[in-house]
Amino acid sequence: MDGKIAGLRERWKQRTEAAFERMLGGKSEEELVTFTEREDMAVLIGKELAAFLLEENVGQDPAVEPAEASTTCCPKCGQPGEPAVRKGEKLVDRTVATRAGEVHMRRQRWRCAKCRIVFFPTGRAIASGNGRF
Ligand SMILES: [Zn+2]
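Taking strand neighbours across the sheet as the criterion, the three strands line up as E1-E4-E5 in an open arrangement whose pairing is antiparallel. Both edges of this open sheet fall to strand E1 (82-83) and strand E5 (117-119), since each of them pairs with a single strand only.

Listed below in C-alpha coordinates is the structure:
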(Lines give C-alpha, C1' and ligand atoms only; values in the text may rest on other atoms or scores of the structure.)
Protein backbone atom coordinates (compact mmCIF):
# COMPACT_ATOMS: atom_id res chain seq x y z
CA MET A 1 0.00 0.00 0.00
CA ASP A 2 2.86 2.39 0.84
CA GLY A 3 4.30 1.99 -2.67
CA LYS A 4 0.90 2.68 -4.15
CA ILE A 5 0.49 5.84 -2.03
CA ALA A 6 4.00 6.98 -2.99
CA GLY A 7 3.16 6.53 -6.69
CA LEU A 8 -0.09 8.41 -6.20
CA ARG A 9 1.69 11.24 -4.38
CA GLU A 10 4.18 11.49 -7.23
CA ARG A 11 1.38 11.72 -9.83
CA TRP A 12 -0.31 14.40 -7.70
CA LYS A 13 2.93 16.40 -7.51
CA GLN A 14 3.35 16.18 -11.29
CA ARG A 15 -0.18 17.47 -11.80
CA THR A 16 0.12 20.36 -9.37
CA GLU A 17 3.51 21.25 -10.84
CA ALA A 18 1.98 21.28 -14.34
CA ALA A 19 -0.91 23.40 -13.03
CA PHE A 20 1.54 25.87 -11.53
CA GLU A 21 3.46 26.08 -14.81
CA ARG A 22 0.25 26.67 -16.79
CA MET A 23 -0.84 29.56 -14.57
CA LEU A 24 2.31 31.01 -13.06
CA GLY A 25 5.33 29.51 -14.79
CA GLY A 26 5.07 31.68 -17.88
CA LYS A 27 4.12 28.82 -20.23
CA SER A 28 0.71 30.20 -21.20
CA GLU A 29 1.37 33.94 -21.44
CA GLU A 30 -0.13 34.23 -24.94
CA GLU A 31 -3.36 32.40 -24.11
CA LEU A 32 -3.88 34.03 -20.72
CA VAL A 33 -4.43 37.65 -21.69
CA THR A 34 -7.89 38.67 -20.53
CA PHE A 35 -9.22 38.20 -17.03
CA THR A 36 -11.85 35.76 -18.35
CA GLU A 37 -9.14 33.60 -19.99
CA ARG A 38 -7.19 33.53 -16.72
CA GLU A 39 -10.33 32.76 -14.72
CA ASP A 40 -11.37 29.98 -17.14
CA MET A 41 -7.93 28.38 -16.94
CA ALA A 42 -7.83 28.55 -13.13
CA VAL A 43 -11.32 27.01 -12.85
CA LEU A 44 -10.45 24.30 -15.40
CA ILE A 45 -7.28 23.38 -13.51
CA GLY A 46 -9.23 23.32 -10.25
CA LYS A 47 -11.76 20.93 -11.75
CA GLU A 48 -9.05 18.67 -13.18
CA LEU A 49 -7.34 18.45 -9.81
CA ALA A 50 -10.66 17.87 -8.05
CA ALA A 51 -11.52 15.07 -10.51
CA PHE A 52 -8.12 13.45 -9.88
CA LEU A 53 -8.58 13.57 -6.10
CA LEU A 54 -12.14 12.25 -6.31
CA GLU A 55 -11.27 9.45 -8.73
CA GLU A 56 -8.30 8.25 -6.68
CA ASN A 57 -10.15 8.60 -3.38
CA VAL A 58 -13.11 6.56 -4.62
CA GLY A 59 -10.64 4.04 -6.07
CA GLN A 60 -9.32 3.40 -2.55
CA ASP A 61 -12.79 2.57 -1.24
CA PRO A 62 -13.10 -1.04 -0.06
CA ALA A 63 -16.35 -1.26 -2.05
CA VAL A 64 -14.29 -1.37 -5.26
CA GLU A 65 -13.72 -5.05 -4.62
CA PRO A 66 -15.16 -6.17 -1.28
CA ALA A 67 -13.43 -9.18 0.24
CA GLU A 68 -16.58 -10.26 2.09
CA ALA A 69 -19.45 -11.44 -0.07
CA SER A 70 -21.79 -10.77 2.87
CA THR A 71 -21.32 -7.03 2.30
CA THR A 72 -22.71 -7.35 -1.21
CA CYS A 73 -26.26 -8.55 -0.76
CA CYS A 74 -28.76 -8.80 -3.56
CA PRO A 75 -31.07 -5.74 -3.55
CA LYS A 76 -34.08 -7.98 -4.29
CA CYS A 77 -33.72 -11.01 -1.98
CA GLY A 78 -30.95 -9.92 0.42
CA GLN A 79 -28.79 -13.01 -0.15
CA PRO A 80 -24.99 -12.56 -0.54
CA GLY A 81 -24.02 -12.11 -4.18
CA GLU A 82 -21.24 -13.78 -6.14
CA PRO A 83 -18.56 -11.79 -7.99
CA ALA A 84 -19.60 -11.29 -11.62
CA VAL A 85 -16.00 -10.51 -12.62
CA ARG A 86 -13.57 -13.32 -11.79
CA LYS A 87 -10.08 -12.83 -10.35
CA GLY A 88 -7.65 -11.74 -13.04
CA GLU A 89 -10.40 -10.24 -15.20
CA LYS A 90 -10.77 -6.46 -15.51
CA LEU A 91 -13.35 -4.78 -13.33
CA VAL A 92 -16.09 -2.86 -15.08
CA ASP A 93 -15.21 0.77 -15.79
CA ARG A 94 -17.94 3.29 -15.02
CA THR A 95 -18.06 6.96 -15.92
CA VAL A 96 -19.86 9.19 -13.46
CA ALA A 97 -20.79 12.85 -13.99
CA THR A 98 -19.69 14.91 -10.98
CA ARG A 99 -19.35 18.63 -10.19
CA ALA A 100 -15.65 18.19 -11.05
CA GLY A 101 -16.51 16.73 -14.45
CA GLU A 102 -16.55 13.10 -15.55
CA VAL A 103 -14.81 10.68 -13.22
CA HIS A 104 -13.88 7.09 -14.06
CA MET A 105 -14.13 4.33 -11.53
CA ARG A 106 -13.93 0.57 -11.44
CA ARG A 107 -16.31 -1.60 -9.49
CA GLN A 108 -16.82 -5.28 -8.99
CA ARG A 109 -20.30 -6.30 -10.10
CA TRP A 110 -22.21 -8.96 -8.23
CA ARG A 111 -24.59 -11.64 -9.40
CA CYS A 112 -27.53 -13.22 -7.64
CA ALA A 113 -28.14 -16.66 -9.10
CA LYS A 114 -31.59 -16.91 -7.51
CA CYS A 115 -32.93 -13.58 -8.84
CA ARG A 116 -30.80 -13.75 -12.00
CA ILE A 117 -29.64 -10.16 -11.71
CA VAL A 118 -26.27 -8.42 -11.72
CA PHE A 119 -25.83 -5.42 -9.42
CA PHE A 120 -23.32 -2.98 -7.96
CA PRO A 121 -23.11 -2.86 -4.17
CA THR A 122 -23.99 0.46 -2.55
CA GLY A 123 -21.02 1.23 -0.30
CA ARG A 124 -20.88 4.23 2.03
CA ALA A 125 -18.69 6.34 -0.25
CA ILE A 126 -20.67 5.59 -3.34
CA ALA A 127 -24.12 5.78 -1.78
CA SER A 128 -23.76 9.48 -1.05
CA GLY A 129 -23.90 12.17 -3.72
CA ASN A 130 -27.63 11.80 -4.48
CA GLY A 131 -27.18 8.07 -5.00
CA ARG A 132 -26.00 8.63 -8.54
CA PHE A 133 -23.12 6.20 -8.15
ZN1 LIG B 1 -31.44 -12.14 -5.15
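Don't stop here, the text continues.
Here the focus is the pairing of strand E2 (residues 92-98). Looking at chain direction, E2 and strand E3 (residues 101-107) are connected through seven bridges and run antiparallel. In the sheet register, Val92 faces E3, and the bridge partner there is Arg107. Once E2 ends, the chain turns through two residues before running back antiparallel as E3.

One pass over the structure, following the stated rule, counts one aromatic pair. Centroid distance Trp12 to Phe52: 5.8 Å. Interplanar angle 25°. Geometry classified as stacked. On the criterion of sequence distance, the pair formed by Trp12 in helix H1 (residues 2-24) and Phe52 in helix H2 (residues 35-59) is long-range, its members being 40 residues apart. Relative accessible area serves as the criterion here: at 28%, Trp12 is assigned to the partly exposed category. The exposure class assigned to Phe52 is buried, which follows from its relative accessible area of 6%. Its end group placed over the ring of Phe120, Arg94 keeps NZ or CZ at 4.1 Å from the ring centre.

Conventions used here
Residues numbered from 1 in each chain as written. Predicted model: local features only at pLDDT ≥ 70, side-chain atom pairs only at ≥ 80, totals over all residues. Heavy atoms only, no water. Pairing = 2+ DSSP bridges. Helix = DSSP H or I, 4+ residues; strand = E, 2+ residues; numbered from the N terminus. Phe/Tyr/Trp six-rings, centres within 6.5 Å; stacked < 30°, edge-to-face > 60°. Buried < 20%, exposed > 50% of the residue type's maximum accessible area, 1.4 Å probe, protein only. Lys NZ or Arg CZ within 6 Å of the ring centre and 35° of its normal.

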